[in-house]
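# Descriptive analysis of the structure
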Amino acid sequence: MAYAIDIINDCFKKTKQLLFPIKKEYWLKMALVSLFSSNNYSPGNNISQNINSSDFPKGSINIREWIAKLNSNALDFLVNYGLAVGLVFSFFLFFGLILSYLNAVFNFIFIDGVVNKTIKIRKSFSKNKALGASLFFFRIIFSLINFAVFIAIFSPIILAFFSNRLAEFNYWLLIPMVFVFFIIVFIIGIIYFIVNEFLILIMFFNNKSVKYAWVYFKKIAFKKKLQIVLYWFMKIVLGVGAAIISVFLVFFLLILFAIVVLLLLGIGYLIYILIKALLVPLIIIGVILAIILFFAFIYTSSLVTLPIRVFFQYYAILMLEKLEKGK
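Below or above, wherever it landed, is the structure these notes cover. (Residues numbered from 1 in each chain as written. Predicted model: local features only at pLDDT ≥ 70, side-chain atom pairs only at ≥ 80, totals over all residues. Heavy atoms only, no water.)

## A word on the environment of Ile228
For Ile228, the location among the structural elements is in helix H9 (residues 225-274). Here the alpha-carbon distance between Ile228 and Leu323, two residues 95 residues apart in the chain, equals 8.8 Å. Ignoring sequence-local partners within four residues, the contact set of Ile228 consists of Phe193, Phe198, Phe217, Ala221, Met319 and Leu323. (Helix = DSSP H or I, 4+ residues; strand = E, 2+ residues; numbered from the N terminus. Contact = heavy atoms within 4.5 Å.)

## Looking at the environment of Ala148
Locating Ala148 in the fold gives a position in helix H5 (residues 121-153). For Ala148 and Leu289, which are 141 residues apart along the polypeptide, the C-alpha to C-alpha distance reads 43 Å.

## Focus: unusual backbone geometry
Backbone torsion omega between Phe20 and Pro21 reads -5 degrees, so that peptide bond is classified as cis. Topologically, Pro21 is positioned in the loop between helix H2 (8-19) and helix H3 (24-37). Here the phi dihedral of Asn207 falls at roughly 55 degrees; this positive angle occurs in a residue that is not glycine. Turning to its location among the elements, Asn207 is positioned in the loop between helix H7 (174-206) and helix H8 (210-221). Within the chain, Lys223 stands out as a residue other than glycine whose phi angle is a positive 65 degrees.

## As for the nonpolar core
The nonpolar side chains of a soluble globular protein tend to be buried, and buried together. Counting 62 residues, the largest nonpolar core has Phe198, Leu199, Phe217, Tyr231 and Tyr315 as its most contacted members. Apart from residues lying up to four places away in sequence, Tyr231 is in contact with Ala4, Phe193, Glu197, Phe198, Tyr315, Ala316 and Met319. Core analysis: the next-biggest nonpolar cluster, separate from the first, contains 11 residues, Ile153, Ala160, Ala167 and Phe169 among them. (Core = buried A, V, L, I, M, F, W, Y, C linked by side-chain atoms within 4.5 Å. Buried < 20%, exposed > 50% of the residue type's maximum accessible area, 1.4 Å probe, protein only.)

## Some remarks on the pattern of salt bridges
Inspection of every chain in the model, using the stated rule, returns four salt bridges. The residue Lys127 makes a salt bridge to Asp112 at a minimum N-O spacing of 3.1 Å. Placement of Lys127 in helix H5 and of Asp112 in helix H4 (residues 63-116) is noted, with a sequence separation of 15 residues between them. On the accessibility criterion, Lys127 (48% relative accessible area) is partly exposed. The partner of Arg165 in a salt bridge is Glu168, and the shortest N-O contact between them spans 3.2 Å. Residue classification places Arg165 among the partly exposed positions, given a relative accessible area of 49%. (Salt bridge = Lys/Arg side-chain N within 4 Å of Asp/Glu carboxyl O.)

## Comments concerning the side chain of Ser37
By the element assignment, Ser37 lies in helix H3. Note on Ser37: relative accessible area 3%, which makes it buried. Ignoring anything within four residues of it in the chain, the contact list for Ser37 reads Asn103, Phe106, Asn107, Phe110 and Arg309.

## Topic: the side chain of Glu197
By the secondary structure assignment, Glu197 is in helix H7. For Glu197, a relative accessible area of 11% puts it in the buried group. For Glu197, the side chain forms a polar contact with the side chain of Lys235, separated by 3.1 Å. Apart from the residues within four sequence positions on either side, Glu197 is in contact with Tyr231, Lys235 and Ala316. (Polar contact = N/O pair within 3.5 Å; in protein donor to acceptor, adjacent residues only side chain to side chain.)

## Focus: the packing of aromatic side chains
Within the structure shown, the criterion is met by 26 aromatic pairs. Ring geometry for Tyr212 and Tyr216: centres 6.0 Å apart, planes at 20 degrees, overall stacked. Of the two residues, Tyr212 and Tyr216 are both situated in helix H8; the distance of four residues between them amounts to about one turn of the helix. A relative accessible area of 32% means that Tyr212 is categorised as partly exposed. What links up through ring pairs into an aromatic cluster is the set Phe12, Phe193, Phe198, Phe217, Tyr231, Phe311, Phe312 and Tyr315. Lying across the ring of Tyr26, Lys23 places its NZ or CZ 5.0 Å from the centre. A cation sits over an aromatic face here: Lys208 above Tyr212, 5.8 Å from the ring centre. (Phe/Tyr/Trp six-rings, centres within 6.5 Å; stacked < 30°, edge-to-face > 60°. Lys NZ or Arg CZ within 6 Å of the ring centre and 35° of its normal.)

Structure, rendered in structure tokens:
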């Protein structure tokens, strides 16, 4: 029998028993933990660059000349503003490391809340901070290895860039580079899947480090690779369904928040019409309310999608139990 299919009904039952009837304090705390432990709202920044159309090749300027010009301008930018870019990058890296550590610990806190059917965040944080540190350092080391591998893969074009010879680079070499890149990404995805679905649970239930969890997982997964592949496939299928439900819930929530925003804008506009001298205070209040509403929306989104997160947590727990029992 396929473990991944056998346990679906039990997951629904356990999720219903845990969350319903609704216990307000439990839901509010677990939504907060889910927000910090899940990857749904991982902070990040998108950097967009606008290239003026005059920089593109026109007339007698060919593509190699344009690439050479772009390469030279990029190196000049790094020379002039490299320190500032480095400082900004360091700030976001430091902030990201803090969030990564919190995410690692809160993963175990969320499991604690599901398994024990109660949640005390401070107590659970203290209990699971060592496990979180082990997971955090594993992620850092693994990320550094991945970074080094990707640098090695694309080293020819990187060296060409820094030597200002990008225009002379043989771009046919990108084909094998990209091919190897996607193979490495696939392998990394498998490793992260194993870590997130099984190793974190093994660490929690045995109070052991990542190293122990790897050894234990290899032992219980021996001769059960097909079951794990089926579980992975079912995660994709169930994940698509969960994503559709989540999008619907969050979209409905977005409409509600949009109505609130429109009402607040209307009230602010009326106050401005009546007392125009309050324009600056109204702008300041508007910015503060916008920030509050933004974080309220994120937290409320975590709250309404909590049953989905709990279901998938039970799904991983019951799958691990099946692998351990081997039945």
